[in-house]
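# Residue-level structure breakdown
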Number of protein chains: 2
Amino acid sequence: MKRLAVRHRELSPVPEAGGGSLMSMVEFHDWWAERTRAGHFVVDRVPFAELGDWDFEPSTGNLGHKSGRFFTIEGLQVREGGVPTWSQPIINQPEIGILGIVVKEFDGVLHCLMQAKMEPGNVNTLQLSPTVQATRSNYMQVHRGSSTRYLEYFVGSGRGQVLVDVLQSEQGAWFWRKRNRNMVVLVTGDVPLHEDYCWLSLAQIGELSHRDNLVNMDARTVLSCIPFALPDEAGATGEDFRDALARSYRHTTEGSAEPALHSAGEILSWFTEAKTRCDWSARLTPLSATTGWSRTDDEIADDAGEHFRILGVRVEAGTREVKAWRQPLLHPRGEGHAAFLARRIRGALHLLVQARPEYGLMDMVEMAPTVHLLPGQDPSAVRERFLRDVLQVGGVKTHYDQKLSEEGGRFYHALTRYQLIEVGDEFPVEVPPNYCWMTVRQLIDLLSHGHYLNIEARSLLACIHSLC
Amino acid sequence: MKRLAVRHRELSPVPEAGGGSLMSMVEFHDWWAERTRAGHFVVDRVPFAELGDWDFEPSTGNLGHKSGRFFTIEGLQVREGGVPTWSQPIINQPEIGILGIVVKEFDGVLHCLMQAKMEPGNVNTLQLSPTVQATRSNYMQVHRGSSTRYLEYFVGSGRGQVLVDVLQSEQGAWFWRKRNRNMVVLVTGDVPLHEDYCWLSLAQIGELSHRDNLVNMDARTVLSCIPFALPDEAGATGEDFRDALARSYRHTTEGSAEPALHSAGEILSWFTEAKTRCDWSARLTPLSATTGWSRTDDEIADDAGEHFRILGVRVEAGTREVKAWRQPLLHPRGEGHAAFLARRIRGALHLLVQARPEYGLMDMVEMAPTVHLLPGQDPSAVRERFLRDVLQVGGVKTHYDQKLSEEGGRFYHALTRYQLIEVGDEFPVEVPPNYCWMTVRQLIDLLSHGHYLNIEARSLLACIHSLC
């Protein structure tokens, strides 16, 4: 498989990645099959009454852990112009966890220390995960399990050189203002390799992102934040799409011979404007105060059966810090669909970015894929006809189309179809006010800061990196 | 008065400011005295029962307007490690207002259209304000007053060229996650001048910021966001402080001959780390659920009398959109104190920035002045001895020291002493983890984004601009 080397020009001490890998893909898949066989993981649904330390708080109906840690299931109330318009259960997890990848150079090639990790909500149990994926409760050992492996590379005096360190949001439809600390640290010394971990080059991870449900959500968000820079010769292949994509990575807004359609200032102003258009506000309420949702012994679900349900599981695992536990999970009804439309403008691929309000986001609006249908919504829910047509008829070419999983530690069987669809010159450059054309470089630049790109946009960006 | 021209290199269409002004300072003060005489403004305290359309919601005790608009006084509950530790009343204003300054070039000099504006909480009634200072309720005309003057330069098809457009926070001790849209627009056509407005150059506004309680908080936050750039010859005065200050404006982190002490990446990682150290969470609760606060007919106050009280006022005005209204205000007990310590490092002035948690901030922590004492706190509240000593004994020189007002539309007689104190080489460069040395340029670069610099840091930055 031909794949361009990904260099890290902007991370000065990071060497160029290219050349060989530590482990062939055949060896990877053998290792993966072996980890799957070795793992012991049983997930059973249980009624709420059998959730052990999890219980409903009598006065609010909120579902929480007796330690006061981890997360709670509470209610969300939305008001528009002062009038209540929507309520739902929502996961409240105020703690900031770490999603971290250790990177190290082997024979001149940058490798990521990736983990074969089981999560109770995964459709396929095992997915490729960051080196460290730990809530504060986990790594402060509230659950009294063993300490988080490799955490010492991210916190404390012995940590590696920090390449990425930014708080990023998660699903605004299901989480209340959640954010995690996305980190990448570069290490130089020996790193002992535990059997659940392996070193993979960025190119190899890119290749694996073309398989369904393998690279997990936490790995995707961290990978998206790496400030990729392509070498000058990248894209000089004569393939139009690859050339336009390479130019999209190099496109700086200012002082460039072929500037992007919009300057960085115009993009920030467009984003500010989108927030001011929101005439709603959301707040936490007691779970028992949500309307249109009912609780049985087994689940909390919307009466129409359209959105999601909260259920309880009992987990037995042989490869986690804790051997057995119980917890609630959020089970969406059906699959989500997130697609970036891409069009060549001034020779560079531009992505059509949506300013998307979501009730659980910290600041109301983040930048999202062109189209995002929540599980249960179908394409007719897309208001704009010119977008609906592309979803139904297709564009010039679909360059990426995979089903990937959302976080299996909080969501049960939550899958999203991710697409990158190229559209042709007949597709309008003028778009409605909640959309904006941006280059890949402009999105990458915003990823130094939190609360710009939402989790689905970051997931897709990680997939786009794999197309270079 | 000798003052360097302030150029806007990064705002390409903005010409160099320098040379003459439209109005002399003598003419300004004559106009100001005349506006003061012309204004009719009476503010009387009234008991809550006489607040008209404002009332306490029976089930929560929250104080709100019957339209559901403007703002509410609610309760804030803080928990640390799951345990309730602090509660207080807090102002909840989810709407995003506009704070906007129209700028225009006259004879090669950039001028700002400033307003002589009365606010009920001002100690001196009239303060110098942005062109537009309007909540969404104001400009959507919920109060059925006349439309907001000059608003058309900021919204809609006729707006000027947008130079600044960013959401910035306000006081995290008193507001629940408030933010306003800070805007600067450049216009070229004729702008009719209403009698409450005047054109002032940036240098003139800088001069006026050396008077107590004249340039209001909203003007300061907008002015701080202007991406100032100094000309290359600035600072070549032989005066050590001015030279070091000018270098602080030019100091870029990357590729500079004399780099700043910390790179941009290190600063962002330091800031992320500070947020993850917070082990508290805050949420809105019913006002009646706050503990340690009591409500009488006239006020809501903390039982210890240390923090602030909520009171009601009746206002009669001749120069506002609405002629008379009633509203609650927050009255802090005593004066606040905010100081940046500054030290020359590698030839450039560095400011000692504090990562300061505040319960009402959207993302828990923002960058603040080195020291910030809330009204009622005295210097002994500063934990770090090396900072307490400077506050009490003084540094090498105090370059700025004025009392300025906080927002008179929500706060009653809220004053803060703002200082810029230079410290000498004996002051440590190594500082505790919640502090970081940064150049002025590094702070300015962060102001393109919201939720980095808090309101007091932005106020001080606007004052520092006036020292160039």
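Residues numbered from 1 in each chain as written. Chains lettered and ligands numbered in written order. Predicted model: local features only at pLDDT ≥ 70, side-chain atom pairs only at ≥ 80, totals over all residues. Heavy atoms only, no water.

The next point concerns the interface of chain A and chain B. Between chain A and chain B, the contact holds 34 residues from the first and 34 residues from the second. Between chain A and chain B, roughly 2900 Å² of surface is buried when both sides are summed, and carbon and sulfur atoms account for 44% of that area. Inspection of the region where chain A meets chain B yields 19 residue pairs in polar contact (both at pLDDT 80 or more). Broken down by element, the residue count for the side of chain A that touches chain B peaks at six residues, all from helix H6 (residues 264–276) of chain A. Classifying every residue of the side of chain A that touches chain B gives eleven nonpolar, nine polar and 14 charged. (Contact = heavy atoms within 4.5 Å. Buried area = accessible area lost by both parts, 1.4 Å probe. Polar contact = N/O pair within 3.5 Å; in protein donor to acceptor, adjacent residues only side chain to side chain. Helix = DSSP H or I, 4+ residues; strand = E, 2+ residues; numbered from the N terminus. Nonpolar A, V, L, I, M, F, W, Y, C, P; charged D, E, K, R; others polar.)

This next bit is on the relation of the copies chain A and chain B. For the pair chain A and chain B, the best superposition has an RMSD of 0.0 Å and corresponds to a rotation of 180° with a translation of 0.0 Å parallel to the axis. Such values leave the two copies arranged in the relation of a two-fold axis. Minimal C-alpha separation from the rotation axis in chain A is found for Met362(A), amounting to 3.6 Å. Taken as a fraction of all interface residues of chain A, those also at the interface in chain B reach 100%, which identifies the copy contact as same-surface. (Least-squares fit on C-alpha atoms with pLDDT ≥ 70 in both.)

Below, the discussion takes up the domain arrangement of chain A. Residues and elements named next belong to chain A. Here chain A is partitioned into domain 1 (25–41 + 94–224) and domain 2 (240–280 + 333–465). Distance from the C-alpha centre of domain 1 to the C-alpha centre of domain 2: 25 Å. Across the boundary between the two partners, domain 1 contributes 32 residues, which contact 38 residues of domain 2. Interface area lost by domain 1 to domain 2 is led by Trp174, Arg220 and Ser224, which between them contribute 20%. Linking domain 1 with domain 2 are one salt bridge, by the criterion used here. Of the charged contacts in the structure, one is a salt bridge between Glu406 and Arg220, with a shortest N-O distance of 3.6 Å. In this assembly, domain 1 and domain 2 are joined by 20 residue pairs in polar contact (both at pLDDT 80 or more). When residues of the side of domain 1 that touches domain 2 are traced back to their parent elements, those giving at least two are strand S10 (161–169), strand S11 (175–176) and helix H4 (217–224). When residues of the side of domain 1 that touches domain 2 are assigned to their parent elements, the largest contribution, six residues, is made by H4. Considering only residue class, the side of domain 1 that touches domain 2 consists of ten nonpolar, 14 polar and eight charged. (Domains from an automatic or database assignment. Salt bridge = Lys/Arg side-chain N within 4 Å of Asp/Glu carboxyl O.)

To continue, consider the packing of helix H4 (residues 217–224) of chain B against helix H9 (residues 455–465) of chain B. All names here are of chain B. Axis separation between H4 and H9 bottoms out at 8 Å; the angle between their running directions is 70°. Regarding the angle of H4 to H9, the classification is roughly perpendicular. The residues of H9 that touch H4, namely those facing Met217, Arg220, Thr221, Leu223 and Ser224, are Ile455, Arg458, Ser459, Leu461, Ala462 and His465. Classifying every residue of the contact of H4 with H9 gives five nonpolar, four polar and two charged. (Axes fitted to C-alpha atoms, helices over the stretch in contact; angles between N-to-C directions. Parallel < 35°, antiparallel > 145°, perpendicular 65-115°, else oblique.)

Right, let's get into the environment of Ser129(A). Residue and element names in this part refer to chain A. Looking at the element boundaries, Ser129 is found in strand S8 (residues 126–129). Ser129 gets classed as buried once you look at its relative accessible area, which sits at 0%. Separated by 24 residues in the primary sequence, Ser129 and Tyr153 have C-alpha atoms spaced 16 Å apart. With residues near it in sequence (within four places) discarded, Ser129 still touches Met114, Gln115, Lys117, Asn216 and Ala219. Within the structure, the side chain of Ser129 is placed 3.0 Å from the side chain of Asn216, a separation counted as a polar contact. (Buried < 20%, exposed > 50% of the residue type's maximum accessible area, 1.4 Å probe, protein only.)

Where two aromatic rings form a pair, the distance of their centres and the angle of their planes describe that pair. Residues and elements named next belong to chain B. Under the definition given, this model contains 36 aromatic pairs over all chains. Ring centres of Phe28 and Trp31 lie 5.8 Å apart, and the angle between their planes is 50°; this geometry places the pair in the tilted category. With a gap of three residues between them, Phe28 and Trp31 both fall in helix H1 (residues 25–38), about one helical turn apart. There is no split in this pair, since Phe28 and Trp31 are both buried. (Phe/Tyr/Trp six-rings, centres within 6.5 Å; stacked < 30°, edge-to-face > 60°.)

Look at any regular strand and the pattern is simple: side chains alternate between the two faces of the sheet. Residue and element names in this part refer to chain A. With ten of ten residues buried, strand S7 (residues 109–118) lies mostly within the body of the structure. Side chains of S7 alternate between two faces, with Val109, His111, Leu113, Gln115 and Lys117 and Leu110, Cys112, Met114, Ala116 and Met118 buried alike. As paired strands, strand S6 (residues 97–106) and S7 are joined by four bridges and run antiparallel to one another. Its bridge partner being in S7, Lys104 is matched across the sheet by His111. Hairpin connection from S6 to S7: two residues lie between these consecutive antiparallel strands, with Asp107 at a positive phi of about 50°. (Pairing = 2+ DSSP bridges.)

Attention now goes to the side chain of Glu170(B). All names here are of chain B. Of note, Glu170 is situated in the loop between strand S10 (161–169) and strand S11 (175–176). The class for Glu170 is buried, based on a relative accessible area of 3%. A polar contact is formed between the side chain of Glu170 and the side chain of Lys178, at a distance of 2.9 Å. In contact with Glu170, not counting residues within four places along its chain, are Leu99, Phe175, Lys178, Asn180, Met217, Asp218, Leu361, Glu407 and Ile455.

Turning our eyes to something else, we now look at the pattern of salt bridges. Residues and elements named next belong to chain A. Going through the model one piece at a time under the given rule, you end up with 50 salt bridges over all chains. Note that Asp389 and Arg385 form a salt bridge whose closest N and O atoms lie 3.6 Å from each other. Of this pair, Asp389 and Arg385 are both found in helix H7 (residues 385–393), four residues apart, which corresponds to roughly one turn of the helix. Using a relative accessible area of 31% as the deciding quantity, one classes Asp389 as partly exposed.

The next point concerns the confidence of the model for chain A. Looking at chain A as a whole, its pLDDT mean stands at 90, while 91% of the residues score no less than 70. For the stretch residues 1–18 of chain A, pLDDT sits under 50, and the model shows 49 contacts to residues farther than four places along the chain or on other chains. (pLDDT = per-residue confidence, 0-100.)

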